[in-house]
Amino acid sequence: HTTKSTQWEDPRTTQVSSGPAIQYSRDYKIKYENFKNNLPKPSTSSGKCDIRVRRKFILEDSFNSIMKKSREEMYKRLWITFDGEGSLPLWSVHMHGRIA
């Protein structure tokens, strides 16, 4: 580590040979609004990733359903629907401690 150096001076307060120090500004709200406006808009589709499975073939059905989903769909809220039953959010299945 003999080649590493540490900068102890604050670059905002020291004079740089290329010009005066950069003034610190507190325009967080403007920066935040600009950042928020530049984010991609959410799609108009539902905000959940629905996976339909049969209890008898849960592994095969879930694998095939997941492989068909796009990357964007996989970031949505996961909903599992068993054939012949209502849909459950993933947290509900996890909370009750059983899938089958």
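Being a predicted model, the structure only gives us computed values, none of them experimental.

Along the backbone of the protein chain there are four helices and three strands. The secondary structure elements of the protein chain, listed N-terminal to C-terminal, are α-β-α-α-β-β-α. Expressed as a percentage of its 100 residues, the buried residues of the protein chain come to 11%. Partitioning the intrachain contacts of the protein chain with sequence separation of at least 6 by distance along the chain shows that 51% fall at a separation of at least 24. Accessible surface computed for the protein chain: about 9,400 Å², of which carbon and sulfur atoms make up 57%.

Considering the arrangement of structural elements, one finds Lys-69 in the loop between helix H2 (58–68) and helix H3 (71–74). The spatial distance from the C-alpha of Lys-69 to the C-alpha of Cys-49 is 8.3 Å, given a sequence separation of 20 residues. Look past the residues within four positions of Lys-69 in its chain and what remains in contact with it is Cys-49, Asp-50, Ile-51 and Met-74. Of the polar contacts made by the side chain of Lys-69, one reaches the backbone oxygen of Asp-50; its length is 2.9 Å.

The next subject is the pattern of salt bridges. The full count for this structure, using the stated rule, is one salt bridge. A salt bridge links Arg-54 to Asp-61, with the shortest nitrogen-to-oxygen separation between them at 2.8 Å. Under the relative-accessibility criterion, Asp-61 is labelled buried at 11%.

Once that is clear, we can look at the packing of aromatic side chains. Counted by the stated rule, this structure contains zero aromatic pairs. Here the basic side chain of Lys-48 rests over the ring of Trp-79, its NZ or CZ set 4.6 Å away from the ring centre. The positively charged end of Arg-55 is found above the aromatic ring belonging to Phe-82, 4.0 Å away from the centroid.

Bringing the confidence of the model for the protein chain into the picture now. When pLDDT is averaged across the protein chain, the result is 75; 63% of the residues are at 70 or more. Averaged pLDDT values over the elements of the protein chain bottom out at 51 in helix H4 (residues 90–96) and peak at 93 in H2.

Attention now moves to the nonpolar core. The nonpolar side chains of a soluble globular protein tend to be buried, and buried together. Core analysis: the largest hydrophobic core is formed by five residues, namely Cys-49, Ile-51, Val-53, Ile-80 and Phe-82. Breaking this core down by element, the ones donating at least two residues are strand S1 (48–53) and strand S2 (77–82). Here the element with the most residues in this core is S1; it accounts for three residues.

Criteria and thresholds
Residues numbered from 1 in each chain as written. Predicted model: local features only at pLDDT ≥ 70, side-chain atom pairs only at ≥ 80, totals over all residues. Heavy atoms only, no water. Helix = DSSP H or I, 4+ residues; strand = E, 2+ residues; numbered from the N terminus. Buried < 20%, exposed > 50% of the residue type's maximum accessible area, 1.4 Å probe, protein only. Contact = heavy atoms within 4.5 Å. Areas by Shrake-Rupley, 256 points an atom, 1.4 Å probe, with all protein chains shown as cover. Polar contact = N/O pair within 3.5 Å; in protein donor to acceptor, adjacent residues only side chain to side chain. Salt bridge = Lys/Arg side-chain N within 4 Å of Asp/Glu carboxyl O. Phe/Tyr/Trp six-rings, centres within 6.5 Å; stacked < 30°, edge-to-face > 60°. Lys NZ or Arg CZ within 6 Å of the ring centre and 35° of its normal. pLDDT = per-residue confidence, 0-100. Core = buried A, V, L, I, M, F, W, Y, C linked by side-chain atoms within 4.5 Å.

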